[in-house]
Structure formats: structure tokens, C-alpha cells
Amino acid sequence: KRMISTLNEALEFIANYVPPKSPDGRIAYPILEDGLSYAEIKQKIKDLPFDLPTEVYELYQWSDGGFLGNLPYPGRSDRGDYAKIDKFISLDRAVRLAKDWGNGSFPLFEYEDGDICFTVGSQVKQKAAPIFCRHKSSASEQPKYDSLTTMMIKLVEGIQAETSRR
């Protein structure tokens, strides 16, 4: 089993589970949309009052949203140790939500139970994107992951643990 240590390696690992787009337009899960260029990302976020961490640019250059709810995640009992993503929010929708919220938060992932994982923007570009996960109605100030890289590595480790068990 390969040690994954960077965001790009983790994203590539996840991408290996995504079937190629079917020519007849049938939907096969998990889904990842095509990534955006750095310039496209800059353009789409230009009206936000903050910039996004470098990790978030890397994420959207990899893919502009998708559905990852049926990757081979560990069962519920193990969920606490690992990360999971149901919906990866497209950049256009994430920008709309961030504007509605108006508090400097920027959403990245959504869950069927209504939970949302988000990062925070800043005036000065940061490298790492701390990840907060919570239900919309509750406030929690501690990030669940210190960076998007940490979250994605946790997600990959969960899949590796689960697939080695099968």
C-alpha cells in the first residue's frame, strides 16, 4: 500500500476510482467534473471579499465538483477516524453560498445529513485550508482537520484500510 503524503497524491488516488465518462451519457458513480484553470478560478471568485488558500485552488484545478459518496469508505463504526465526502460542491455554487453566508467561510463538501465542510478565506493568501465540519445550525470553532491535505490523506487511509479488509 502506497504512502500518500501530498494533496495531489491523495486526489490522484481518489480519481482512480472514478469511471471514465460514458459516451452514451449514462451516469456512473463516483463522478468528478473536469478541473478549472487557475485563471478560471480567479475569475469565478473575484467578487469574494477574500482570497482562498492555495490548497483550494489545487482542489478546483483537479475537479470542479462531483459526487464521491460511494467510494469504498469504512463502515460507520470506523467513520470517526477517517474522512468521507458525499458531495463536492462546484465552485460556482460554493461562491454563491459563501456570499450568502457572508462570514468569510467557504464551503467545499456537503453530506446527505446536512453537514457541511468548509474552509475560511483570508486577505493574505494562505497555503493550507483548515477544514471545519458541522451542521449548518451549530457553531464549532475548532477545525476538524488542520488542512485539506490532512483531510484527503485521512480519506485515502480509510479507503486503504477498508479495501485491504475486503
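Below is a summary of the structure that appears in this document.

About the cut-offs
- Residues numbered from 1 in each chain as written.
- Predicted model: local features only at pLDDT ≥ 70, side-chain atom pairs only at ≥ 80, totals over all residues.
- Heavy atoms only, no water.
- Phe/Tyr/Trp six-rings, centres within 6.5 Å; stacked < 30°, edge-to-face > 60°.
- Helix = DSSP H or I, 4+ residues; strand = E, 2+ residues; numbered from the N terminus.
- Buried < 20%, exposed > 50% of the residue type's maximum accessible area, 1.4 Å probe, protein only.
- Salt bridge = Lys/Arg side-chain N within 4 Å of Asp/Glu carboxyl O.
- Disulfide = S-S within 2.5 Å.
- Axes fitted to C-alpha atoms, helices over the stretch in contact; angles between N-to-C directions.
- Parallel < 35°, antiparallel > 145°, perpendicular 65-115°, else oblique.
- Left-handed = near helix turned anticlockwise from the far one by under 90°.
- Contact = heavy atoms within 4.5 Å.
- Nonpolar A, V, L, I, M, F, W, Y, C, P; charged D, E, K, R; others polar.
- Pairing = 2+ DSSP bridges.

### Focus on the packing of aromatic side chains
Aromatic rings considered in pairs are described by the distance between their centres and by the relative angle of their planes.
No. 1: Under the counting rule described, the total for this entry stands at eight aromatic pairs.
No. 2: Both rings, one in tryptophan 62 and one in phenylalanine 88, keep their centres 6.3 Å apart while their planes meet at 15 degrees; by these two values the pair is stacked. Here phenylalanine 88 lies in strand β3 (residues 87–88) and tryptophan 62 lies in helix α3 (residues 54–62), a separation of 26 residues in the sequence.
No. 3: The class of tryptophan 62 is buried, set by a relative accessible area of 15%.
No. 4: Residues tryptophan 101 and phenylalanine 118 carry aromatic rings whose centres are separated by 6.0 Å and whose planes lie at 80 degrees to one another, so their mutual orientation is edge-to-face.

### Quick notes on the pattern of salt bridges
No. 1: As enumerated under the stated definition, the model contains ten salt bridges in all.
No. 2: As a salt-bridge pair, arginine 26 and aspartate 24 come within 3.2 Å of each other at their nearest N and O atoms. No difference in accessibility class separates arginine 26 from aspartate 24, as the two residues are exposed.
No. 3: Between lysine 125 and aspartate 51 there is a salt bridge whose closest N-O contact spans 3.5 Å. With lysine 125 in the loop between β5 (115–120) and β6 (132–135) and aspartate 51 in the loop between α2 (38–44) and α3, this pair connects stretches of sequence that are 74 residues apart.
No. 4: Taking the relative accessible area as the measure of exposure, lysine 125 reaches 31% and is therefore partly exposed.
No. 5: Beyond isolated ion pairs, a larger network of salt bridges with shared partners links Lys42, Asp51 and Lys125.

### Topic: the state of the cysteines
No. 1: As enumerated under the stated definition, the model contains one disulfide in all.
No. 2: Note that cysteine 117 is cross-linked by a disulfide to cysteine 133, the S-S spacing being 2.1 Å. A torsion of 105 degrees about the S-S bond marks the disulfide between cysteine 117 and cysteine 133 as right-handed. Note that cysteine 117 is positioned in strand β5 and cysteine 133 in strand β6, a separation of 16 residues in sequence.
No. 3: Cysteine 133 gets classed as partly exposed once you look at its relative accessible area, which sits at 21%.

### Regarding the packing of helix α1 (residues 7–15) against α3
No. 1: Packing of α1 against α3 brings their axes to within 11 Å, and their N-to-C directions diverge by 25 degrees. In this view, α1 runs roughly parallel relative to α3, as classed from their interaxial angle. Between α1 and α3 lies a crossing of right-handed hand. Contacts from Leu7, Leu11, Glu12, Ile14 and Ala15 in α1 reach Glu55, Glu58, Leu59 and Trp62 in α3.
No. 2: Partitioning the contact of α1 with α3 into residue classes produces six nonpolar, no polar and three charged.

### Here's the deal with the pairing of strand β4 (residues 105–110)
No. 1: For β4, the tally of buried residues reaches six of six residues, placing the bulk of the element in the interior.
No. 2: With two bridges joining them, β3 and β4 adopt antiparallel strand pairing. Each residue of the ladder has a partner; that of lysine 87, found in β4, is glutamate 110.
No. 3: Joining the antiparallel neighbours β4 and β5 is a turn of four residues, in which glycine 114 adopts a positive phi near 95 degrees.

### Some thoughts on the packing of α1 against helix α5 (residues 148–165)
Between two packed helices, the angle of one axis relative to the other and the distance separating the axes together describe the packing.
No. 1: Close contact between α1 and α5 brings their axes to 9 Å; oriented N to C, the two are set at 40 degrees. Comparing the axis directions of α1 and α5 gives the class oblique. Like other packed secondary-structure pairs, α1 and α5 cross with a definite hand, here left-handed. In this structure, α1 uses Leu7, Ala10, Leu11, Phe13 and Ile14 to contact α5, whose residues at the interface are Leu148, Thr149, Met152, Ile153, Leu155, Val156, Ile159 and Gln160.
No. 2: In terms of residue class, the contact of α1 with α5 is built from eleven nonpolar, two polar and no charged.

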